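# Survey of secondary and tertiary structure
One letter stands for each residue in the lines below.
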Amino acid sequence: MKILLYNPDNGVTRNFMPHLWMFLLKALTPAGHEVLLIDGNARPMNEEELVRYVIEQKIGLVGIGAMTRMIARAYRMADAIRAAGVPVVMGGPHVTEVPDEALGRDGGKRHADAVALGEADETWPTIVEDAAKGQLKEIYAPVDETGKERKPSLQPYPDIPWETYDLKQFDMIPKFARSLLKRYGGGWQSIHLIPIESGRGCPYGCEFCTVTGFFGDSIRFRSNKSVVDEMLRLKRHARENRQQAIIFFIDDNFAINIKRTKSLLRDIIAAGAQLPWTAQISANLLRDEELVDLIAASDGKWIFIGMESIDTANLADVNKNFNKPAEYAAVLNRLAERNIYAITSFIFGLDNDTPGVAARTLEQVESWPPGLPVFGQLTPFPSTPLYKRLETSGRLTRPKHWLDFAPYQMAHTPLKMTIAETHKELNLAWTNSYSPERNKKALDSIGDRRLDYRLIHFVMRLFFRGIYFPQMTKSAWLKLIAANRRTIYKLVREGAGEWRKSRRKKPDAPVSIRVQ
Ligand code: B12
Ligand code: SF4
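Here the residue index of a chain counts from 1 through its sequence in written order. As a convention, the first chain written is A and the first ligand written is 1, with the rest following in written order. Given that this is a predicted model, residues contribute local features only at a pLDDT of at least 70 and side-chain atom pairs are listed and counted only at 80 or more, while totals for whole chains, interfaces and linings are drawn from all residues. Processing note: side-chain calculations cover all non-hydrogen atoms of the structure and skip hydrogens and water entirely.

## Details of the overall build of the protein
Note the threshold: Strands are runs of DSSP state E lasting at least two residues, helices are runs of H or I lasting at least four, and both sets are numbered from the N terminus onward. Our radius of gyration is a C-alpha quantity, and the globule rule it is checked against amounts to 2.2 Å times the number of residues to the power 0.38. A 1.4 Å probe rolled over the protein chains alone gives each residue an accessible area, and that area as a share of the maximum for its type sets the label: buried under 20%, exposed over 50%, partly exposed in between. In what follows, a contact means two residues having at least one pair of non-hydrogen atoms within 4.5 Å. Shrake-Rupley sampling with a 1.4 Å probe provides the accessible areas, and residues are treated as covered by the protein chains on show and by no other component. Only four residue types enter the tally: Lys and Arg on the positive side, Asp and Glu on the negative side, with His and both chain ends excluded. Taken as the charge centre is NZ of Lys, CZ of Arg, CG of Asp or CD of Glu, depending on the residue.
Counting secondary structure elements, the protein contains 20 helices and 14 strands. A compact globule built from 516 residues would reach a C-alpha radius of gyration of about 24 Å, and the protein, at 23 Å, matches this within 12%. Each principal axis of the C-alpha atoms in the protein carries an extent, and together these give about 70 × 55 × 45 Å. Relative to its full complement of 516 residues, the protein shows a buried share of 52%. A fraction of 72% describes how many contacts in the protein between residues 6 or more apart in sequence connect residues 24 or more apart. Accessible surface computed for the protein: about 23,200 Å², of which carbon and sulfur atoms make up 55%. Of the charged side chains in the protein, 71 are positive and 60 negative, and the gap between their average positions amounts to 8 Å.

Here it is, written out as structure tokens:
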């Protein structure tokens, strides 16, 4: 049987990283079947085009995975494929949280022939075999013989043969910039961000988060060897193809077991498997100096920290009072001393937020070493404790917001400000954080650091701006470059000076921009 795994596009960003679920399920597919992958972010298709592809390729089963945010689009695609007579199985967080919706058991239209609940590592082979026999069941749940939920142990973990895939479609460098960057060597004309999970689960249970409910509070890890081997293969492949590979450890909280994280990082260093990497780690776990030393030594570059708010009352409301705003500065300084950037994430529209929250937050952010702040509004995802609380108190304004998704539109009214005010605050926070003036100030504040460190920080700022302000076309990029011309001019002038100096020392040496 030919199987298509499809991930709908998010409508906001280009694809900058493969979605792991597709590659993982492909690796777990029983022999004798062929699996094709389409990520709509890299290869946008409308319903008609997708159906035509499915028919031309003689696909026998389509698997669709989506977060809540993309589910309406996923349903539309599924409807079109089913109308053409091809069965659809859906999986991922959203259908796990509200399976009746996909199956049409809530009075609405049916969108899927079958749903895979929760982690599908162990149910996927059965789904494939049932579909091949034409005997798909409606629900596949990961349970043992007694009907008790069973979580995959992640040991063994399948080899994902990244090096055999054509990853061109996930290149982070926009096409028009590639030939320019090629001239500088070092493989920077082609950068691939590769997702690796080293473990699953987080027991913290923050009120808005689906992770504790989905992956559970049972934390499981792959063996260090399996992670290190995957990194060694990626490193070899990147070197052979003159590309850069960056790893995103997509674990929900990469240091949830500090002892294990340290042991993994030590093994990465011992094997020489270092590649620049990023991961999500909560601020409380970054108090550990030895952990931060190991992050730096293993080439950790960017740490995503869910700070959420600078207001302790807000943090208590969402069950995240293990976050201590008073220690944010110390945590960020600890990282910055080792040239590690922080991606600091904030939520607006929490119950204690009032107008002015953006200015108050920005004042703090600007007092810290420069990082990459991101801002979102509080979103009640189905099946989270937050959703239940807002539903019970009658505060959901759009209880099924996902069926009418629009970026940055809220689904409930915050307590102390309006939806419109929250939106204004978000807009202000994004505009000020990535304005040309702010970019210049951020770079000036690290003027004593090496040029490559500053250059990468600047490029990251340009990319991060695109999370809120779409910049998917060449002209949008050119405008952005023009607005930041002063900073660019300064960096280029300095770079040319360093280049001339290096040429004087070694007349024939190629220039390579190196990440430290
Ligand atoms: C990586 C990641 C991202 C990446 C996504 C890009 C990419 N290419 O991967 C980035 C950083 C961009 C991102 C952004 C966001 N994310 Co995110 N992200 C994750 C994260 C950390 C890992 C996803 C992953 O790969 N997991 C590992 C794989 C193996 O697990 P999985 O995807 O769940 O797949 C398994 C099963 O679900 C199932 N399955 C999945 N799909 C399918 C399909 C079929 C057919 C079948 C049979 C089975 C199946 O099988 C897999 C193996 O068991 C998850 C948390 C998590 N641990 O999953 C959050 C998560 C998915 N993100 C979440 C959210 C909310 C967001 C944002 C909306 C946050 C925000 N406020 O901006 C944005 C939206 C982005 C956008 N524009 O679309 C939520 C989703 C909740 C929900 N109900 O939708 C999660 C669960 C985190 C959370 N805190 O709750 N995210
Ligand atoms: S620490 Fe992160 S992953 Fe864990 S429950 Fe809280 S938000 Fe979710």
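## Quick notes on unusual backbone geometry
Between Gln155 and Pro156 the backbone carries a cis peptide bond, its omega angle lying at 5 degrees. Position of Pro156 relative to the elements: it lies in the loop between strand 6 (139–140) and helix 7 (175–182). The phi torsion at Leu154 lies on the positive side, around 70 degrees, for a residue other than glycine. Tracing the backbone through its elements, the reader meets Leu154 in the loop between strand 6 and helix 7. Given the relative accessible area of 4%, Leu154 is considered buried. Even without glycine at this site, Tyr408 takes up a positive phi of about 60 degrees. For Tyr408, a relative accessible area of 19% puts it in the buried group.

## Some details on the confidence of the model for the protein
In low-pLDDT segments, the atomic positions of the prediction should not be examined closely. As a reminder, the rule being used: A residue's pLDDT is the confidence the predictor assigns to it, expressed on a 0 to 100 scale.
Predicted confidence across the protein gives a mean pLDDT of 93, with 95% of residues reaching 70 or more. Between residues 509–516, whose pLDDT stays under 50, and residues either more than four places distant or in other chains, the model counts 21 contacts.

## Quick notes on the site of ligand 1
Let me state the cut-off plainly: Here a residue is considered near a molecule or strand provided that any single heavy atom belonging to it is located within 4 Å of it. Definition of a polar contact: a pair of N or O atoms within 3.5 Å, with one able to donate and the other able to accept a hydrogen when the atoms are protein atoms, and with sequence-neighbouring residues admitted only if both atoms are side-chain atoms. Amino acids outside the nonpolar list (Ala, Val, Leu, Ile, Met, Phe, Trp, Tyr, Cys, Pro) and the charged list (Asp, Glu, Lys, Arg) are all regarded as polar, and Gly is one of them.
Surveying the vicinity of ligand 1 reveals 38 residues, the closest of which are Thr68, Ala120, Asp121, Thr210 and Asp252. Within the side chain of Glu97, an N or O atom sits 3.1 Å from a nitrogen atom of ligand 1. Sorting the residues of the shell around ligand 1 by element identifies helix 1 (20–27), strand 3 (61–65), strand 4 (88–91), helix 4 (93–97) and helix 8 (211–214) as the ones contributing at least two each. Counting residues per element, the shell around ligand 1 draws most heavily on helix 1, at four residues. Looking at side-chain class alone, the shell around ligand 1 contains 21 nonpolar, ten polar and seven charged residues.

## Notes on the packing of aromatic side chains
For clarity, the threshold we go by: The rule is short: rings of Phe, Tyr and Trp, with Trp giving its six-membered ring, pair when the centres are within 6.5 Å, and they are stacked under 30 degrees, edge-to-face over 60, tilted in between.
Tallied over the full model, the rule gives 22 aromatic pairs. Summarising the aromatic geometry, the rings of Tyr408 and Tyr468 are spaced 4.7 Å apart at their centres and angled 65 degrees between planes, so their arrangement reads as edge-to-face. Residue Tyr408 is located in the loop between helix 15 (385–392) and helix 16 (419–433), and its partner Tyr468 is located in the loop between helix 18 (451–465) and helix 19 (474–483); the two are separated by 60 residues in the primary sequence. Just as Tyr408 is buried, Tyr468 falls in that class too. With a centroid separation of 5.3 Å and 5 degrees between ring planes, the pair formed by Trp430 and Tyr468 is classed as stacked. Highlighted residues: Trp430 in helix 16 and Tyr468 in the loop between helix 18 and helix 19, separated in sequence by 38 residues. There is no split in this pair, since Trp430 and Tyr468 are both buried. Joined through ring pairs, the aromatic side chains of Tyr328, Phe346, Phe348, Trp368, Phe375, Tyr408, Trp430, Tyr434, Tyr468 and Phe469 make up one cluster.

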